[in-house]
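As a plain string of letters, each chain reads:
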Amino acid sequence: MRNSLTFHLTIWFMIGAFIFLQTSAFPLDLRVGYYDNSPLCYEDDGRVLGIFPDLLSKIAEEEGWNLHYEKHVFAEGLEKIRSGELDVFVAVAEIPQRAEWARFNDETVIYNWGEVYTKPDLGIRNIEDLRGRKVAVAEGDVYYQGFMGLARSLGLEVEYVEIQGDYPDV
């Protein structure tokens, strides 16, 4: 009986060791999406740079991952992470709707905010000055949603022009 137990434990140990060695012998390849959002993530001279790629590269080095970057406009990247065509999409704010289909890191990497940019000669000094004006926004962007909610709560009529692109496109 004792020999049989020892034999079975030895077999299970060997199977476990084999699985561990197989999985640790091959690095994990990850498809990583990014978009133009400097300094968080951007491309310069063919290299993916920014706070998130730097952080992810350090983690990948420690974990033995291979990162394969793909540039997408923000809305397209969100859809690709949702459909499983990407493994990681960097610099994405967590909101309840996204948390239903995506996992987010537990540690905050950076606090971020949105800004409204205008031509200097328009005389716009506060949100009230945007009443009745056209405002360009990035489609699917969390700041667009937040701005729209704020404008609505203040009773402002604003015409939104959704741009299918990233912040520089807007």
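Quick caveat, the model's predicted, so the values are computed rather than measured.

It is not clear to me how the confidence of the model for the chain should be interpreted in this structure. Could you clarify?
Note that predicted coordinates carrying low pLDDT should not be read in detail. Scored by pLDDT, the chain has a mean of 86; 85% of the residues are at 70 or more. The weakest mean pLDDT in the chain belongs to helix α1 (residues 2-25) at 53; the strongest belongs to strand β4 (residues 65-71) at 97.

Before we go on, may I ask you to explain the pattern of salt bridges in this structure?
It is possible for side chains of opposite charge to pair when their charged atoms get near one another. Inspection of the entire model under this criterion finds four salt bridges. Ionic pairing is found between E62 and K58, a salt bridge with its closest N-O pair at 3.8 Å. Remark: K58 and E62 occur in helix α2 (residues 51-63); sequence separation between them is four residues, near one turn of the helix. Look at E62 and you get exposed, because its relative accessible area is 58%. Assessed through its relative accessible area of 44%, K58 is described here as partly exposed. Taking the shortest distance from any N to any O, the salt bridge between E85 and K80 comes out at 3.0 Å.

Which parts of the structure should I look at to understand the environment of A93?
Turning to its location among the elements, A93 is positioned in the loop between β5 (88-89) and α4 (96-99). Among residues more than four places away in sequence, those in contact with A93 are R98, F104 and V142.

Please clarify how the sheet that holds strand β1 (residues 28-34) should be interpreted in this entry.
Pairing between the strands of a sheet is mediated by backbone hydrogen bonds and can be parallel or antiparallel. The strand order β4-β1-β5 describes an open sheet built from three strands, whose pairing is parallel. Both edges of this open sheet fall to β4 and β5, since each of them pairs with a single strand only.

It is not clear to me how the nonpolar core should be interpreted in this structure. Could you clarify?
Generally speaking, soluble globular proteins have nonpolar side chains that are buried together. Ranked by size, the top nonpolar core spans 18 residues in total, and within it C41, F89 and V90 carry the most contacts. Where this core is concerned, the elements lending two or more residues are β1, α2 and α3 (74-83). If sequence neighbours within four positions are ignored, F89 has contacts with G33, Y34, Y35, F74, G77, L78 and I81. L130, F147, A151 and V158 belong to the second largest nonpolar core, which has 10 residues in total.

What is the right way to look at the side chain of D141 in this model?
Within the secondary structure, D141 sits in the loop between β6 (134-138) and α5 (142-153). Side-chain polar atoms of D141 contact the side chain of Y167, separated by 2.5 Å. With near-sequence residues (within four places) excluded, D141 lies in contact with F74, R98 and Y167.

Looking at this structure, I do not really get the side chain of H72. What am I missing?
Its location among the elements puts H72 in the loop between β4 and α3. Excluding its chain neighbours within four sequence positions, the residues that come into contact with H72 are G33, Y34, Y35, G77, K80, L86 and D166.

Sorry, what's going on with the pairing of β1 here?
Two faces belong to every sheet, and in a regular strand the side chains alternate between them. Sheet topology places β1 next to β4; seven bridges connect them, and they run parallel. Residue pairing across strands places G33 opposite E70, the latter belonging to β4. The pairing of β1 with β5 spans two bridges and is parallel. In the sheet register, V32 faces β5, and the bridge partner there is V88.

Cut-offs and rules
Residues numbered from 1 in each chain as written. Predicted model: local features only at pLDDT ≥ 70, side-chain atom pairs only at ≥ 80, totals over all residues. Heavy atoms only, no water. pLDDT = per-residue confidence, 0-100. Helix = DSSP H or I, 4+ residues; strand = E, 2+ residues; numbered from the N terminus. Salt bridge = Lys/Arg side-chain N within 4 Å of Asp/Glu carboxyl O. Buried < 20%, exposed > 50% of the residue type's maximum accessible area, 1.4 Å probe, protein only. Contact = heavy atoms within 4.5 Å. Pairing = 2+ DSSP bridges. Core = buried A, V, L, I, M, F, W, Y, C linked by side-chain atoms within 4.5 Å. Polar contact = N/O pair within 3.5 Å; in protein donor to acceptor, adjacent residues only side chain to side chain.

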